[in-house]
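In case you want the letters, here they are:
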6 protein chains.
Amino acid sequence: MQRFDGRAADELRPFKITKYFQKYPAGSVLMEIGNTKVICAATVEDRVPVFQRGTGVGWLRAEYSLLPSATATRTARESARGKQTGRTQEIQRLIGRSLRSVLDLEALGERTVILDCDVIQADGGTRTASVTGSFVALVLALDSVIPKDKTFPVKDFISAVSVGISNSGEPILDLCYEEDSSAIVDMNVVMTGNGEFIEVQGTGEGRPFKRDELNTLLALGEKGNNELISYIKDSLGSELDWRIGSVK
Amino acid sequence: MQRFDGRAADELRPFKITKYFQKYPAGSVLMEIGNTKVICAATVEDRVPVFQRGTGVGWLRAEYSLLPSATATRTARESARGKQTGRTQEIQRLIGRSLRSVLDLEALGERTVILDCDVIQADGGTRTASVTGSFVALVLALDSVIPKDKTFPVKDFISAVSVGISNSGEPILDLCYEEDSSAIVDMNVVMTGNGEFIEVQGTGEGRPFKRDELNTLLALGEKGNNELISYIKDSLGSELDWRIGSVK
Amino acid sequence: MQRFDGRAADELRPFKITKYFQKYPAGSVLMEIGNTKVICAATVEDRVPVFQRGTGVGWLRAEYSLLPSATATRTARESARGKQTGRTQEIQRLIGRSLRSVLDLEALGERTVILDCDVIQADGGTRTASVTGSFVALVLALDSVIPKDKTFPVKDFISAVSVGISNSGEPILDLCYEEDSSAIVDMNVVMTGNGEFIEVQGTGEGRPFKRDELNTLLALGEKGNNELISYIKDSLGSELDWRIGSVK
Amino acid sequence: MQRFDGRAADELRPFKITKYFQKYPAGSVLMEIGNTKVICAATVEDRVPVFQRGTGVGWLRAEYSLLPSATATRTARESARGKQTGRTQEIQRLIGRSLRSVLDLEALGERTVILDCDVIQADGGTRTASVTGSFVALVLALDSVIPKDKTFPVKDFISAVSVGISNSGEPILDLCYEEDSSAIVDMNVVMTGNGEFIEVQGTGEGRPFKRDELNTLLALGEKGNNELISYIKDSLGSELDWRIGSVK
Amino acid sequence: MQRFDGRAADELRPFKITKYFQKYPAGSVLMEIGNTKVICAATVEDRVPVFQRGTGVGWLRAEYSLLPSATATRTARESARGKQTGRTQEIQRLIGRSLRSVLDLEALGERTVILDCDVIQADGGTRTASVTGSFVALVLALDSVIPKDKTFPVKDFISAVSVGISNSGEPILDLCYEEDSSAIVDMNVVMTGNGEFIEVQGTGEGRPFKRDELNTLLALGEKGNNELISYIKDSLGSELDWRIGSVK
Amino acid sequence: MQRFDGRAADELRPFKITKYFQKYPAGSVLMEIGNTKVICAATVEDRVPVFQRGTGVGWLRAEYSLLPSATATRTARESARGKQTGRTQEIQRLIGRSLRSVLDLEALGERTVILDCDVIQADGGTRTASVTGSFVALVLALDSVIPKDKTFPVKDFISAVSVGISNSGEPILDLCYEEDSSAIVDMNVVMTGNGEFIEVQGTGEGRPFKRDELNTLLALGEKGNNELISYIKDSLGSELDWRIGSVK
């Protein structure tokens with residue numbers, strides 16, 4: 001079966017990560033996958049929330065936003081509405097949780113890393129693209145902040161993809177918007193560099209799903225994440241690859 | 001290995017669902033599991049959001065709140081802060097999504113069901129207790145609203161449990177607060193009456209998890225949900241059991 | 001004349017105070033009077049608002065909320081609306097003011113007591129039930145915090161009842177919802193253990209009221225409060241009764 | 001005993017009501033009593049809240065605000081804080097309730113009257129000055145809107161004063177700021193033209209108060225309100241005096 | 001051509017500044033120009049925003065508000081809406097920026113001056129009246145705070161007027177509401193005591209404007225500001241006039 | 001004198017407008033000038049605000065936002081703060097006012113155009129870049145919506161530049177961030193295709209400015225706007241150039 005855009009069921013859309021996309025933040029990338037485009041920027045502040053002061057331990061949080069013009073129908077601006085939607089908050093929490101899982105908060109020291117994920121164009125998979133792009137922005141930012149002779153606070157690679165069961169019942173990798181909005185089952189899979197899971201979130205939108213369907217989806221997620229992490233390693237280059245997970 | 005409170009690894013805490021707990025709502029229960037206590041109430045309104053008017057189709061949404069006094073350390077009241085936290089919004093979305101997955105919105109007609117989940121005491125697992133209790137409140141409410149000769153809009157049973165990997169590395173079922181706050185992996189599993197998945201949400205809080213650990217956790221989730229659904233069927237009685245999933 | 005629910009004009013509804021209703025707060029009760037049910041919990045924090053730091057003096061404030069499912073027609077959740085209604089704020093101020101009037105803020109020291117009044121079911125008189133229940137929760141909480149050899153910061157007993165003039169012109173004690181919503185005059189009376197007034201709030205909703213009607217209502221209020229305070233004294237027991245008002 | 005500003009215990013401060021103080025509203029006055037100055041304006045809108053449409057019945061509500069510069073220490077602007085304080089809401093509710101008690105909502109028809117009370121200078125008694133001033137603004141506004149051959153919707157006169165027990169234990173009428181902030185008992189009394197009560201709100205701030213103290217305070221309130229209503233009748237003139245309470 | 005109210009094209013409406021209008025603020029005036037009336041009050045606080053502490057430098061900001069009853073059609077109260085409109089914020093920024101331009105923040109020291117501009121009646125030109133009135137309130141406030149032997153932090157006089165091109169194409173000075181709402185071009189001109197510009201804001205509302213029209217408008221603005229500053233100098237008197245701009 | 005970045009005093013930074021930058025909005029561009037980059041997108045909705053329904057007349061409004069990562073120091077996200085800053089509102093109003101001045105709201109019909117200006121990178125002049133970029137996005141959007149045989153609602157070209165007096169006293173065109181933050185006088189000039197003014201906003205930040213300085217700044221603004229409009233005409237091409245200002 002061919003998909004909407006001609007891809008095979010287990011095929012990622014073309015993707016690209018442009019490093020140092022912005023001038024000011026410590027780390028920033030443009031993450032593109034298909035028509036989805038997200039600017040991910042990492043800012044490092046030399047302070048932590050009040051409840052953590054004096055602990056020697058850092059923190060990381062993420063913020064996510066859609067440009068109003070990023071979606072097929074214009075999305076109302078959250079700053080004009082005066083609050084963030086539940087969807088936004090759910091996504092911010094996912095990104096933050098995922099990145100913290102590979103961050104050594106003690107090696108980070110009393111610093112706060114803020115990951116800003118701003119979606120310029122949304123064609124499905126913006127939350128997983130945000131996780132993947134943020135990871136690269138985080139590594140770039142910390143590389144500029146953490147001296148070479150110190151333990152690098154990033155312990156492992158991570159990336160994320162969406163998988164799902166299409167409305168024709170087929171398990172597919174990396175759903176675009178049309179596929180996502182009609183999918184029967186929708187799942188996000190965040191994984192580490194050596195193939196373990198950080199986060200698995202699957203929802204039966206149209207009907208419940210069986211154990212073996214779940215297994216098929218996880219296998220698709222593994223395949224997609226392998227490709228992304230391989231790309232990220234190349235993109236970061238051997239020196240940064242070597243810093244990740246090294247302890248001093 | 002024995003757990004904190006003497007349970008076996010695959011053992012639920014004692015639980016009880018008290019039906020018709022409140023006087024006014026169409027359906028309401030007190031859901032208790034261990035020291036966790038949640039009032040779940042279902043209100044049925046004869047109108048739908050603006051964007052659905054005239055479609056003949058209904059809607060369901062959930063609201064979740066902790067009493068400030070429900071937690072070990074007092075939780076600030078969200079109405080006083082002026083907004084709901086990201087955690088609250090994430091949980092509300094999970095409850096709503098889970099219940100909508102077994103709700104026939106066309107058979108419901110142009111009505112809105114609101115599920116209010118108010119946690120009186122929180123000792124772990126409040127979101128899964130809310131899903132389970134809300135399901136029963138929903139059935140009671142719709143039973144009082146939908147005539148006997150019409151298709152009953154609830155298509156299947158659902159229940160939810162938490163599972164996780166304890167800080168000593170053991171997979172366990174139904175985490176209490178102490179277990180939850182130190183767990184390495186944390187997962188919520190929402191399932192239907194015939195053992196299929198509605199929602200699987202697993203997070204590696206302390207470290208990533210492997211495929212076979214995920215399998216073990218899912219098996220624990222199945223065991224727990226089987227027990228809950230069996231209890232719910234008894235509790236609702238054969239007449240209501242018979243209405244669920246029947247089509248006229 | 002017999003009332004809606006068969007009571008005499010000067011008769012309270014059946015009432016009960018269940019102490020230590022919740023596991024976590026320093027003091028908590030379930031206050032029931034007729035179908036009205038309020039959870040009152042007292043939390044003691046070892047800090048005071050900024051403007052009071054270093055003064056050696058404490059503070060007490062109250063928060064009040066209706067569960068959405070507590071009322072005949074569902075009440076919109078204030079955290080979802082983003083703010084508290086004027087009614088909520090008015091009630092919170094009444095509860096706080098009433099309890100502070102018998103609290104020795106110097107004996108309390110630099111602590112803040114927060115009284116959370118969460119109405120589980122509302123059938124009239126929720127604000128007076130909140131004052132009465134909060135008083136007991138406050139005493140339980142301070143008994144657990146203030147050493148036996150220190151001045152106990154509660155100087156006197158208080159309780160509160162509603163009184164009013166029914167739509168048939170009769171002065172009545174402890175109005176249920178049906179009576180309250182049609183009353184011509186509505187009054188709340190907060191009193192101390194020796195029969196003095198803390199707060200008197202009377203409003204002519206349907207028509208103005210005369211001086212002798214006011215006197216009749218105050219007499220009903222005295223009768224109701226006498227019964228409540230007598231019950232509270234029994235409920236707290238002689239040891240706690242003895243602490244209240246004692247100075248070291 | 002002489003008071004802070006030389007008045008007798010039962011003496012009002014000098015007061016004055018300037019009618020038609022503003023150019024645009026249907027009715028407006030400047031209410032001055034001592035150094036307290038409140039602009040009260042009544043706007044009449046030809047529509048009612050959604051839930052009242054088609055009922056033929058009108059509504060009245062009040063809004064109250066302090067200019068930041070009205071108080072001894074600058075008061076933060078509520079629009080900058082993003083919400084109204086509990087004190088503001090409590091006062092708005094008191095003003096609205098008091099005026100509605102003498103308003104015939106059916107004779108008003110499907111109109112909304114909004115009373116804006118903006119305190120230019122606050123030296124005690126701003127809420128009672130707001131009630132009194134609003135009453136006059138209301139009468140002026142309705143006189144310009146309701147034809148002479150129709151029932152005038154204002155059924156009776158009202159006015160309001162504060163009374164209290166000073167820190168030296170003496171019952172006094174019309175407290176200025178210094179007296180109010182140190183008073184042991186504080187009470188607001190809203191009365192009609194023929195000496196009946198609309199609202200009585202008394203609070204023991206420093207200690208509880210006895211029945212006979214309450215009686216003394218009510219007598220002071222009656223004296224003060226008699227003087228205010230006599231002034232209002234003169235100020236409105238015989239034609240408007242005659243319209244109030246007349247039925248066609 | 002004669003204007004709406006009989007004025008010549010280059011004629012200000014009658015204006016008056018009443019000093020010390022309120023009892024409490026360090027400086028306050030009632031600024032009247034035509035039917036426009038604004039209370040301007042200056043409060044001086046002995047602290048600065050967090051980011052300025054320890055710098056020895058002060059700050060000034062302005063707040064602006066319309067009484068709901070100030071306008072031809074009642075304006076909704078911003079504190080009830082929960083936020084300030086864009087118009088309000090734009091005006092506050094203009095007032096603050098204008099006054100800061102003649103304020104020596106180092107001579108002020110670590111103090112914050114807050115200018116409250118509350119419009120009692122709005123008949124056009126409220127923002128320029130606010131600038132002019134605030135200037136006088138500022139001088140009065142600082143005169144009471146800054147010792148005679150210290151550098152006075154106000155470096156120069158300022159005043160502001162509106163100018164515009166009427167719907168009949170004529171350049172006019174000091175637009176009233178009717179003129180303002182139909183003007184083709186609208187401009188605000190803030191100037192110093194020796195005829196230089198602090199702020200020029202011109203907008204082509206109905207059509208673009210040419211360079212020579214701009215010149216004509218600026219000339220009108222100069223004429224109006226000359227008259228206002230001459231009045232202010234008289235009003236402040238020679239002693240204060242002498243303090244402004246003097247350096248110790 | 002040479003500037004910070006080597007430009008002449010009357011020289012614009014390199015600029016570029018990339019049309020059709022996003023996939024979904026009716027019109028969108030990336031506006032770049034120096035390091036300042038703004039995405040401007042125009043959405044056309046087939047409805048108008050409530051107060052305009054049935055009038056046959058349309059509306060246009062603008063929204064402006066900085067990505068948190070766009071600035072040298074990270075800017076807090078307005079949706080997380082819960083409100084837009086005064087600066088944001090001021091800029092939104094400027095953009096909307098400028099574009100409405102060349103929009104024929106009757107020819108637009110009952111439609112609303114929303115201009116979203118999202119700043120990706122901020123190096124001075126973001127508000128003028130937003131006006132210029134929005135104009136092009138507006139033309140592209142309306143070209144896709146308005147049939148060729150109807151009056152095109154855009155009546156004229158507009159563009160905007162910043163000008164100012166540098167801290168060394170020299171009048172300069174198109175200030176970058178370093179120049180802007182230290183400028184003595186700051187001015188924004190919005191002009192039409194035939195050299196008339198839409199908006200002139202000049203502020204003496206460091207000192208007042210004289211009439212002849214204002215003239216010099218306006219001349220610089222004319223030069224810069226001429227170059228921008230010439231570029232825009234080329235960029236839009238002759239067909240669109242021809243539509244602007246044409247009446248059917």
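Residues numbered from 1 in each chain as written. Chains lettered and ligands numbered in written order. Predicted model: local features only at pLDDT ≥ 70, side-chain atom pairs only at ≥ 80, totals over all residues. Heavy atoms only, no water.

As annotated in an unreviewed UniProt entry, chain A carries the name Ribonuclease PH and comes from Schwartzia succinivorans DSM 10502. In its Sequence similarities (unreviewed entry) section, the UniProt record describing chain A reads: "Belongs to the RNase PH family." In UniProt, chain A has this text filed under Catalytic activity (unreviewed entry): "tRNA(n+1) + phosphate = tRNA(n) + a ribonucleoside 5'-diphosphate". (UniProt positions renumbered as here; feature names shortened; annotations may be inferred.)

> I would appreciate a short explanation of the relation of the copies chain A and chain B in the present structure.
For these two chain copies, the linking operation is a rotation about an axis paired with a shift along it. With an RMSD of 0.0 Å, the fit of chain A onto chain B corresponds to turning through 180° and sliding 0.0 Å along the axis. Both chain copies can therefore be described as sitting about a two-fold axis. In terms of proximity to the rotation axis, the leading residue of chain A is Q201 of chain A, whose C-alpha is 2.2 Å off the axis. (Least-squares fit on C-alpha atoms with pLDDT ≥ 70 in both.)

> What should I look at first to understand the interface of chain F and chain A in this one?
Note on interface size: it is often stated as the accessible area lost on association of the parts. On the side of chain A, 35 residues touch chain F, which itself brings 35 residues to the contact. Around 2,800 Å² of area is buried between chain F and chain A when both sides are counted, 48% of it from carbon and sulfur atoms. Together, Y24, R74 and R77 of chain F form the three largest contributors to the area buried by chain F at its contact with chain A, with a combined 25%. At the junction of chain F with chain A, the criterion picks out twelve salt bridges. Between R74 of chain F and D116 of chain A there is a salt bridge; the shortest N-O distance is 2.6 Å. The tally of links from chain F across to chain A stands at 20 residue pairs in polar contact (both at pLDDT 80 or more). Mapped onto the side of chain F that touches chain A, the elements with two or more residues apiece are β3 (36-45), β4 (59-66), α1 (78-81) and β5 (112-121) of chain F. Broken down by class, the residue content of the side of chain F that touches chain A amounts to 15 nonpolar, ten polar and ten charged. (Contact = heavy atoms within 4.5 Å. Buried area = accessible area lost by both parts, 1.4 Å probe. Salt bridge = Lys/Arg side-chain N within 4 Å of Asp/Glu carboxyl O. Polar contact = N/O pair within 3.5 Å; in protein donor to acceptor, adjacent residues only side chain to side chain. Helix = DSSP H or I, 4+ residues; strand = E, 2+ residues; numbered from the N terminus. Nonpolar A, V, L, I, M, F, W, Y, C, P; charged D, E, K, R; others polar.)

> What is the right way to read the relation of the copies chain F and chain A from this model?
The transformation that overlays chain F on chain A combines an axial shift of 0.0 Å with a rotation of 180°, and the residual RMSD is 0.0 Å. Comparing interface residues between copies, 100% of those in chain F also sit at the interface in chain A, which points to an isologous, same-surface contact.

> What is the right way to look at the interface of chain A and chain B in this model?
Opposite the 28 residues of chain A that make contact, chain B presents 28 residues. Taken over both partners, the interface formed by chain A and chain B buries close to 2,800 Å², and the fraction arising from carbon and sulfur atoms is 46%. Salt-bridge contacts for E196 of chain B lead to K210 of chain A; the nearest nitrogen and oxygen are separated by 2.2 Å. The tally of links from chain A across to chain B stands at 18 residue pairs in polar contact (both at pLDDT 80 or more). Considered class by class, the residues forming the side of chain A that touches chain B number eight nonpolar, eleven polar and nine charged. Relative to strand β9 (residues 197-204) of chain B, strand β9 (residues 197-204) of chain A runs antiparallel, the two being bridged by five bridges. Residue pairing across strands places G202 of chain A opposite V200 of chain B, the latter belonging to β9 of chain B. (Pairing = 2+ DSSP bridges.)

> Would you explain the pattern of salt bridges in this entry?
A side chain of one charge can pair with a side chain of the opposite charge when the charged atoms of the two come close. Residues and elements named next belong to chain D. For the coordinates displayed, the defined rule picks out 156 salt bridges over all chains. Note that R3 is salt-bridged to E179, the shortest N-O span being 2.8 Å. Within this pair, whereas R3 is found in the segment before β1 (15-19), its partner E179 is found in helix α5 (residues 177-182), the two being separated by 176 residues in sequence. The salt bridge involving E227 is made with K223; its shortest N-O contact spans 2.6 Å. Here E227 pairs with K223, and both are found in helix α6 (residues 211-243), just four residues apart, close to one helical turn.

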